[in-house]
Amino acid sequence: MRVNSHSKARTRAAVGLTVAALAAGATAGAGPATAQPKAAPAAPTAADCSAAYRIEQKLSTGTTWRMCWRYDGKAGLVLENISYQPKGEPKQIKVLNSARLGQIHVPYDDGNVEYDDLTGFDFAQGLMNLAPGECPGGTIKTVKVPDSWNEDPNVKGLCTTTRSRGHAYRMQGDTANKVFQAEGKDLLVYTVNQVGWYEYMTEWRFQDDGTITMNVGATGSLSWDDYDAGDGRGWPIGKGASAKATSHSHNAFWRLDFALDGSTKNNVEQYDSTVTAPTRGQRAPTTKTTRKKVTKELAGDSKAYRWWRMVSATGKNKDGHARSYEIVPGPTTKYPGRGYTKHDLYVTQYNKCELFASNNPGNCGAGAGRSVDKWVNGQALTHPVVWMNIGFHHIARDEDQQPMPVHWQGFSIAPRDVTAMNPLTPAELGRQNGHWRPRS
């Protein structure tokens, strides 16, 4: 969190240099050459990239994840052509064209400084080497950082490994003769990028049940000279109450370009449920859920009994239901200070120029604006792109030094009707689909 930034004088100078570089057109990427996605054909049999940039992992529970990776000069790690193949499915199911961070926006409570870490503070340049112990049981890949400031641009900075996540399910039959249970397994892909005094851990978890979880964790150190906050805008750190570390927010954005079943012509739906008090003769309140098709660009807000899903226009599971992914927001503190942080979710029509939620460096045309809120202007959604905003208000505490424990923020996308049953269903329960009845 930005209490462990450079001193304010140093950060202002660094931001000035970065803005100058952007004005000069400095942008780069590393990894396989990939064109901007169009309406794609059916998913290929393997990730469409060379072996050096391919991630393929079959988990012990039978699920296989495949994807490509590259390293962008501003966004850092970008994952592309992401597909999922659970056991029992004859071919892989494409989920995403690309997944990446869309910005980390950091405003301070005292109003003196504000940062866009990806496009204004050289997030990608700060890729850190990882020690083998930080990637237990996995592989550390070498990343070539575009336009690196270091003499050697090659960084051992991308970890791919697997981890257990605890129970995937547990079910005990009525007769108590047998317990069905299994431990869930995840493919974990992550990098660490240093920005000022702190370090961002960008983590992607691909679960064996088809869920993808995206997290950003901030750790590192509290800045040694940022203790000039006043009452209400900081928290005393150290002995007494004279030195207050300035509070601030971290507004992390992710950009997801869906391509369910290999097509970008996905449909967006919003669901809202209404709870009504019981009327005469009813034993309990009633709840009714309604669906709204989102056909134009959306600036949406999370609230109780609301959720969204991205629906495949071409693929169905074995039960004949359209495949989809539900968007599952994590805990968030919405920052109301900027237009682009006032909403939790944005859905925009695909534009290859619209890559960062704020301080977007590309020239997207006259009047287009440089932030995601400006791009929601009524266009029809034929190729929807999802932007998720998860905020965290960091008020420092004594336990934040030294070093600072990791603060996590993020969200998930969860499969909804991608498979006809739980993809981890044991064979013995395979017949119990739909309105099944016990055998006599």
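Look up a bit, the structure's there.
(A) Spotlight on the overall build of the protein chain. Each helix and strand counted, the protein chain has 3 helices and 22 strands in total. The burial tally for the protein chain puts 49% of its 440 residues in the buried class. Of the contacts made within the protein chain by residues no fewer than 6 positions apart, 65% connect residues no fewer than 24 positions apart.

(B) Layout of the state of the cysteines. Counted under the stated rule, the structure contains 3 disulfides. Bridging C353 to C364, the disulfide has an S-S length of 2.1 Å. Looking along the S-S bond of the C353-C364 disulfide, the torsion reads about -90°, which is the left-handed sense. In this pair, C353 is assigned in the loop between β20 (345–349) and α3 (372–375) and C364 in the loop between β20 and α3, connecting sequence segments 11 residues apart.

(C) Seen up close, the side chain of T213. Relative to the elements of secondary structure, T213 occurs in strand β11 (residues 212–220). On the accessibility criterion, T213 (12% relative accessible area) is buried. A polar contact is formed between the side chain of T213 and the side chain of S412, at a distance of 2.8 Å. Discounting chain neighbours no more than four positions away, the residues touching T213 are E203, W204, R205, Q207, F411 and S412.

(D) Representation of the pairing of strand β3 (residues 64–72). For β3, the tally of buried residues reaches 9 of 9 residues, placing the bulk of the element in the interior. Covered by surrounding structure in β3 are T64, R66, C68, R70 and D72 together with W65, M67, W69 and Y71, the residues of both alternating faces. Where strand β2 (residues 54–58) meets β3, 5 bridges bridge the pair, whose relative direction is antiparallel. In the strand pairing of β3, I55 is matched with M67. Here β2 folds back onto β3, and the loop between the two strands holds 5 residues, one of which, G62, carries a positive phi near 105°. Across 8 bridges, β3 lies against strand β4 (residues 76–85) in antiparallel orientation. Residue pairing for β4: W69 is matched across the bridge by L79. Joining the antiparallel neighbours β3 and β4 is a turn of 3 residues.

(E) Main features of the packing of aromatic side chains. Enumeration according to the criterion identifies 10 aromatic pairs in this entry. Between Y115 and F121, the ring centres sit 5.6 Å apart and the planes meet at 65°, which makes this aromatic pair edge-to-face. Y115 gets classed as buried once you look at its relative accessible area, which sits at 3%. Pairing Y271 with W307 gives two aromatic rings, centres 4.2 Å apart and planes at 5°, and the pair type is stacked. With Y271 in strand β15 (residues 267–276) and W307 in strand β18 (residues 306–316), this pair connects stretches of sequence that are 36 residues apart. Here Y271 matches W307 in class, with each residue buried. Here the aromatic residues W65, Y84 and F206 are joined through ring pairs into a cluster of three or more. Of note, R100 hangs over the ring of F356, and the distance from its end group to the ring centre comes to 5.3 Å.

Procedures and definitions
Residues numbered from 1 in each chain as written. Predicted model: local features only at pLDDT ≥ 70, side-chain atom pairs only at ≥ 80, totals over all residues. Heavy atoms only, no water. Helix = DSSP H or I, 4+ residues; strand = E, 2+ residues; numbered from the N terminus. Buried < 20%, exposed > 50% of the residue type's maximum accessible area, 1.4 Å probe, protein only. Contact = heavy atoms within 4.5 Å. Disulfide = S-S within 2.5 Å. Polar contact = N/O pair within 3.5 Å; in protein donor to acceptor, adjacent residues only side chain to side chain. Pairing = 2+ DSSP bridges. Phe/Tyr/Trp six-rings, centres within 6.5 Å; stacked < 30°, edge-to-face > 60°. Lys NZ or Arg CZ within 6 Å of the ring centre and 35° of its normal.

Structural measurements only, silent on function.
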